[in-house]
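# Report on the structure
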Amino acid sequence: MKVIKPLFQIEKKPKKGLFAVEWVMLGYTVLTLLFMLVTYTKLQNPVSMLWGRFQAIAIMAAMWAVYRMAPCRLTRFCRIGAQLLLLSWWYPDTYEMNRILPNLDHIVAEKEQWLFGCQPALLFSQALPGTMVSELMNLGYTSYFPMIATVTIFYFLFRYEQFMQATFIILTAFFAYYVMFILLPVTGPQYYYQAVGLDQIAAGSFPNVHDYFLTLREALPTPGNANGIFHQMVVDAHTAGERPTAAFPSSHVGVSTILMLLAWQTKNRRFFCILMPFYVLLCLSTVYIYAHYAVDVIGGWVSALLLFFPLQYAYRRFAKE
């Protein structure tokens, strides 16, 4: 009862307008609409993209209306939850825009070769092909969305005074990554290696594939035991929503790093330590399963730090709710 009762208590000073993160979503919508306006004749599915934006705004308006009728913690959580769920629609939408731009995988792969003297994504799973290792890696990769949900719910239940700030940081970081994915069309090893052939990659040859991914999106098979539970979960997730997009920087690494920073700021060390093994496995798994180049992981770490602290300051300075 101590947990349930506060969920339904009417707020004394309910928020009349939009939450800060809803303004961010609208800003992202306007920005991408401008991009679509400039590139409309090149887009493959402009009507469905426009319809999707209308639906996203309609959902936001509906959740705002529910909250205004009953402004409490539960309806506030539903507003934020709706934005989190919509991220699964916004993600593949980036592919519709970035595939009309010149592909940059050959540049990233060349930098990878220069930095490491090899292609870690090509060698990692080959060096450790065992079922136990592959299942651990796939477990790490599948822990991404559970980590987001866990940190969000932990703040809601146990750090409610920082809940809006934490979710603002998470959601705004996602939209920042989506902008990067549109402007930096890098598909990652699973698509680029498949497009040019593993023989060329192994030989250190990284040709420019130009607009190959405009119409084609065949990927390498996910490494690991096909009968493994977590392997199959990764395969199913890729089949359902993965596209040749979102490789540099790694949002899996970036967002999970932000989650770990938020977990640290709860001052609950047990909570932080419980998440840490999944975080480590997740960072490693992105390279192991061909989802990312190693430089994408580095980019994820750097971008997380560049986003986290400015977003935290921005919320405290301008967007406190």
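Before any of the text, the structure's been laid out above.
Residues numbered from 1 in each chain as written. Predicted model: local features only at pLDDT ≥ 70, side-chain atom pairs only at ≥ 80, totals over all residues. Heavy atoms only, no water.

## Description of helix α2 (residues 46-69)
An ideal rise of 1.5 Å per residue puts 34 Å on 24 residues; α2 measures up with 35 Å between its terminal C-alpha atoms. Turning to α2, its buried residues are Pro46, Met49, Gly52, Arg53, Ala56, Met60, Met63 and Tyr67. Residues of α2 that are buried make contact with α1 (20-39) and α3 (73-98). (Helix = DSSP H or I, 4+ residues; strand = E, 2+ residues; numbered from the N terminus. Expected span 1.5 Å × (residues − 1). Buried < 20%, exposed > 50% of the residue type's maximum accessible area, 1.4 Å probe, protein only. Contact = heavy atoms within 4.5 Å.)

## Looking at the environment of Gln165
Along the chain, Gln165 falls in helix α8 (residues 163-183). Among the residues examined, Gln165 registers a relative accessible area of 10% and is labelled buried. Measuring from C-alpha to C-alpha, the distance between Gln165 and Ala237 comes to 29 Å, with 72 residues separating the pair along the chain. Residues in contact with Gln165, not counting those within four places in the same chain, are Gln312, Tyr315 and Arg316.

## What about the packing of α1 against α3?
The N-to-C vectors of α1 and α3 enclose an angle of 15°; their axes lie 12 Å apart at closest approach. For the element pair α1 / α3, the angle class is roughly parallel. Where α1 crosses over α3, the handedness of that crossing is left-handed. Here α1 contributes Val21, Glu22, Met25, Tyr28, Thr29, Thr32, Phe35 and Met36 to the contact with α3, which in turn contributes Arg79, Ile80, Gln83, Trp90, Thr94 and Met97. Its residues assigned to classes, the contact of α1 with α3 comprises eight nonpolar, four polar and two charged. (Axes fitted to C-alpha atoms, helices over the stretch in contact; angles between N-to-C directions. Parallel < 35°, antiparallel > 145°, perpendicular 65-115°, else oblique. Left-handed = near helix turned anticlockwise from the far one by under 90°. Nonpolar A, V, L, I, M, F, W, Y, C, P; charged D, E, K, R; others polar.)

## What to know about the nonpolar core
One finds Tyr178, Tyr192 and Leu262 to be the most contacted residues of the largest nonpolar core, which totals 91 residues. Of all the elements, α8 adds the most residues to this core, at 14 residues. Sequence-distant contacts of Leu262, that is, excluding residues within four places in its chain, are made with Val151, Tyr155, Ala166, Ile169, Ile170 and Phe308. (Core = buried A, V, L, I, M, F, W, Y, C linked by side-chain atoms within 4.5 Å.)

## Section: the pattern of salt bridges
Overall, the coordinates contain four salt bridges when judged by the stated rule. Between Arg53 and Asp93 there is a salt bridge whose closest N-O contact spans 2.7 Å. Of this pair, Arg53 sits in helix α2 while Asp93 sits in helix α3, placing them 40 residues apart in sequence. A residue is classified by how much of its surface remains accessible, and Arg53, at 2% relative accessible area, is buried. For Asp93, a relative accessible area of 4% puts it in the buried group. (Salt bridge = Lys/Arg side-chain N within 4 Å of Asp/Glu carboxyl O.)

## Things to note about the packing of helix α12 (residues 251-265) against helix α13 (residues 269-288)
Relative orientation of the contacting elements α12 and α13 amounts to 170°, with a least axis distance of 10 Å. On the basis of the axis angle, α12 is roughly antiparallel to α13. Of the residues in α13, those in contact with His252, Val253, Ser256, Thr257, Met260, Ala263 and Trp264 of α12 are Arg269, Phe271, Phe272, Leu275, Met276, Tyr279, Leu282, Cys283 and Thr286. Considered class by class, the residues forming the contact of α12 with α13 number eleven nonpolar, four polar and one charged.

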